[in-house]
Structure formats: structure tokens, C-alpha cells
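Inside the fold
Here is how the chains run, residue by residue.
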Amino acid sequence: MIAFITGATSGIGQACAFAFAKSGYHLILTGRKQERLEALKQELAAFPVQVLCLCFDVRHREEATKAVESLDEKWRNIDVLVNNAGLALGLEPEYEGSFDDWDTMIDTNIKGLLTMTRLIVPGMVARNRGHVINIGSVAGDVAYANGNVYCATKAAVKALSDGLRVDLVDTAVRVTTVKPGLVQTNFSVTRFHGDQDRAHHVYEGIQPLTGEDIADVVLYAAQAPQHVQIAEVLVLATHQANGFTISRNPDRKESLS
Ligand code: NDP
Ligand code: 8X3
């Protein structure tokens, strides 16, 4: 079995790489940081699986196409595509946001995901076998204050997953959207352009999810029996009810183990 994971250099993608390796999947790991990909390959050497790294930016369609076309016969039979690469940039009112940040989010979270889907799913259809697991977000369910464009990109991920599921209904290829809530990764550091303090506040007084929590769900969906299609899963931290209702209590020791 082969899993192709985008954005494997950090957070949820990296946790997925370990989860799939533990379950015996061979891995195609992608991201923009060659050094990080190589380091990850070394870390995964503990597992009896083969790991291939492809370094490219999902926003660059030609790079992505070249990377996928470079796969030799034995790596082409991809069983699971985890469309995980994505990011939020900024947290400002829609009427004050940065054009550049908007472009980056839309180009990565929507167009990058679409590119990878377009490149990999035809092989799945031809083999009548495969699974696309898109990482959406609770942010795509209802927009939260100042989340506007990021929330819109994640609403788009849900719509694209739903559309793909319809388009594949005559095939054995499955489509899943996993929608995490607060997960402590590099996500908020990226969102706040490297401001570690501000990023830290996002997770104050609540025990957030980890990348591993989400990887467990992704793997569960991938390993469900072939007749079972986990269409969508919303995964929240226990003291989070939706994208904007979070109970923060630094003294709630029992949950802050
Ligand atoms: P991280 O910042 O830890 O990881 C993001 C990953 O995406 C990195 O590997 C990064 O690679 C990659 N990436 C970003 N832009 C590109 C690009 N243009 N081309 C290729 N790779 C890229 O954050 P998370 O692990 O939290 O985020 C993973 C996904 O989960 C995202 O889609 C995010 O929207 C989603 N999500 C996260 C939540 C959270 O609270 N953390 C909650 C809900 C959803 P690089 O190192 O090269 O930048
Ligand atoms: C990431 C979760 O709520 O920080 O998609 O936007 S949130």
C-alpha cells in the first residue's frame, strides 16, 4: 500500500507519515523543505517501509506535475492521497486583509489541493482503487471572527470533497474530509507570520489536539473496510464546541495533563 502525503514536513502531515508507516504503508512524502524531508526519511528508517521524498510547492502546477510524472512504475499505484498541505495567514477583518496573504491561502489550500487531486485521482480511477483524504477544518463549517478567507478556503475543501465523491460514485475510489479543530502545530506561528507569543496564546487554557490525534482519524478512515466510506469527520478538542466557542480555563488541571 502506498500513501502520498502533502505537507509532510510538519504537524498533521508529519504525524500522518508516522501513523501510516506504523501501519506498513510505503510513503511518498512531499513538502517544500528538502532538508526536512530528508530528515524525516531518516526518522522513518525505523519502520520496514520505503519512503520517497518529492520536494515541490503545491502552488506551482508545473513543479507538481513534474514531481508526479517522475514517479516510476512501482510508486505510481497510490492507494491513499492525503491532501494536507495548507495554511492560514493573518487574522484581520475581511475589509482590511492582505491581498498577498489571500492569494497564498487560496493558491495553496484550494488550487494546490485541486492540482494534486487532478494529478493523482485519474490513476486511482483507472485502477478502480484509491482514497482521497482532504484535510478541511472546523473553520470551513462557520466563519469565525477575522477568519474570512481562511474559513472560505476550508469551506471550499468541503465542497471539493463532496463534489469529488459524487464524481467518483461509480468507482471504488473513496473520498473523506477530516475537519480538525484546534491542533497545536506550526499552524498559528505561520498564521501570525512567526510571532511565537501570539501563536502560543491560541492554545492558552485549553488542551489542544495534536497532529497525532488527527493522524489517528485519517488512518482510521483509510483502513475502514472497502465498503465503508467515511465521508466526513469533525474532530474537536474536548473544551471546544465549534470554530468560535472555546472554554478556556488554565486551572482545569484534569484536562491539562
Ligand atoms: P503546519 O504549519 O505544522 O504544517 C503545514 C504543512 O503544509 C507543512 O508541511 C508545510 O510545508 C505545508 N505547506 C504549506 N504550504 C505549502 C505549499 N505551498 N506547498 C507545499 N507544502 C506546503 O500546520 P498543520 O499541520 O496544522 O496544517 C496542516 C493542515 O491542517 C492544513 O491544511 C491546515 O489548514 C489544516 N488544519 C490545521 C488545524 C490546526 O489547528 N493546526 C486545524 C484544522 C485544519 P512547509 O514546511 O514547506 O511550509
Ligand atoms: C484550523 C483551526 O479554528 O484555528 O483550521 O481555524 S482554526
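See the structure printed just above.
The numbering scheme is per chain: residues are counted from 1 as the chain's sequence reads. Naming scheme: in the order in which they are written, chains are lettered from A and ligands are numbered from 1. It should be noted that, the model being predicted, local features are given only for residues of pLDDT at least 70 and side-chain atom pairs only at 80 or more, the latter also being counted only at that level, while totals for whole chains, interfaces and linings use all residues. Values shown for side chains rest on all heavy atoms present in the structure; no hydrogens or waters enter the calculation.

A separate point is the overall build of the protein chain. We count a stretch as a helix when DSSP gives it H or I for four or more residues in a row; a strand needs E for two or more, and each element gets its number in order from the N terminus. Assigned secondary structure in the protein chain consists of nine helices and seven strands. With the radius of gyration taken over C-alpha atoms, the globule rule is written as 2.2 Å times the number of residues to the power 0.38. What you see for the protein chain is a C-alpha radius of gyration of 18 Å, in line with the 18 Å of a compact globule of 257 residues. With the C-alpha coordinates of the protein chain rotated into their principal frame, the extents come out at 50 × 40 × 40 Å. When the 257 residues of the protein chain are sorted by exposure, 49% land in the buried category. Contacts are assigned to residue pairs with any non-hydrogen atoms lying within 4.5 Å of each other. Contacts in the protein chain between residues at least 24 apart in sequence constitute 71% of all its contacts with a sequence separation of at least 6. Buried, partly exposed and exposed residues are distinguished by accessible area as a fraction of the type maximum, computed with a 1.4 Å probe on protein chains only: under 20%, between the cut-offs, and over 50%, respectively.

On to the packing of helix 1 (residues 11-22) against helix 9 (residues 211-223). Where helix 1 meets helix 9, the closest approach of the two axes is 8 Å, and the angle between their N-to-C directions is 50°. Comparing their axes, helix 9 and helix 1 come out oblique. In the crossing of helix 1 with helix 9, the sense of the turn from one axis to the other is right-handed. Contact residues: helix 1 offers Gly-11, Ile-12, Ala-15, Cys-16, Ala-19 and Phe-20, while helix 9 offers Gly-211, Glu-212, Ile-214, Ala-215, Val-218, Leu-219 and Ala-222. When its residues are assigned to classes, the contact of helix 1 with helix 9 shows ten nonpolar, two polar and one charged. Angles shown run from 0 to 180 degrees and are taken between the N-to-C directions of axes, each axis being a line fitted to C-alpha atoms and, for helices, limited to the stretch in contact. The cut-offs work like this: below 35 degrees is roughly parallel, past 145 is roughly antiparallel, 65 to 115 is roughly perpendicular, and the gaps in between are oblique. Take the far helix as the reference: if the near one is turned anticlockwise from it by less than a right angle, the crossing is left-handed, and if turned clockwise, right-handed. Classification convention: Asp, Glu, Lys, Arg as charged; Ala, Val, Leu, Ile, Met, Phe, Trp, Tyr, Cys, Pro as nonpolar; all other residues, Gly among them, as polar.

Here the focus is the packing of helix 3 (residues 61-69) against helix 5 (residues 99-127). One can describe the packing of helix 3 onto helix 5 by two numbers: an axis separation of 10 Å at closest approach and a directional angle of 30°. Judged by the angle between their axes, helix 3 and helix 5 are roughly parallel. Between helix 3 and helix 5 lies a crossing whose hand is right-handed. Counting all contacts with helix 3, which are made through Arg-61, Ala-64, Thr-65 and Val-68, the residues of helix 5 involved are Lys-111, Thr-115, Met-116, Leu-119 and Ile-120. Considering only residue class, the contact of helix 3 with helix 5 consists of five nonpolar, two polar and two charged.

A few words on the site of ligand 2. The immediate surroundings of ligand 2 are formed by Ser-137, Ala-139, Tyr-144, Tyr-150, Gly-181 and Phe-187. Ser-137 places a polar side-chain atom, nitrogen or oxygen, 2.5 Å from an oxygen atom of ligand 2. Note that accessible areas follow from Shrake-Rupley with a 1.4 Å probe, and for residues the cover is restricted to the protein chains shown. Protein coverage of the free-state accessible area of ligand 2, which is 240 Å², stands at 88%. When grouped by side-chain class, the residues that make up the shell around ligand 2 number four nonpolar, two polar and no charged. Whether a residue is near a molecule or strand depends on its heavy atoms: it is near if one of them lies within 4 Å of it. Nitrogen and oxygen atoms within 3.5 Å of one another constitute a polar contact, given that in protein one can donate a hydrogen and the other can accept it, and given that sequence-neighbouring residues count only through two side-chain atoms.

Note: most residues except glycine have negative phi, and most peptide bonds are trans. Unlike most non-glycine residues, Asn-146 shows phi in positive territory, near 70°. Here Asn-146 shows up in the loop between strand 5 (131-135) and helix 6 (148-167).

This part covers the side chain of Asn-83. Looking at the element boundaries, Asn-83 is found in strand 4 (residues 80-83). Apart from residues lying up to four places away in sequence, Asn-83 is in contact with Thr-6, Leu-113, Met-116, Thr-117, Val-132, Ile-133, Asn-134 and Ile-135.

Our focus in this paragraph is the site of ligand 1. Taken together, 28 residues form the shell around ligand 1, and within it Ser-10, Arg-32, Lys-33, Tyr-150 and Thr-185 come nearest. Contact between ligand 1 and Thr-9: an oxygen atom at 2.7 Å from a side-chain N or O atom of the residue. One nitrogen or oxygen atom from the side chain of Thr-185 is found 2.6 Å from an oxygen atom belonging to ligand 1. In isolation ligand 1 exposes 880 Å². Once the protein is present, 95% of that is buried.

Here we take up the pattern of salt bridges. Should a side-chain nitrogen of Lys or Arg be within 4 Å of a carboxyl oxygen of Asp or Glu, the pair is scored as a salt bridge. For the structure on display, the rule yields nine salt bridges. Shared partners join several salt bridges into a network, and the residues in it are Asp-141, Lys-158, Asp-162, Arg-165, Lys-179 and Glu-232.

Without other data, these values stay purely geometric and don't point to any function.
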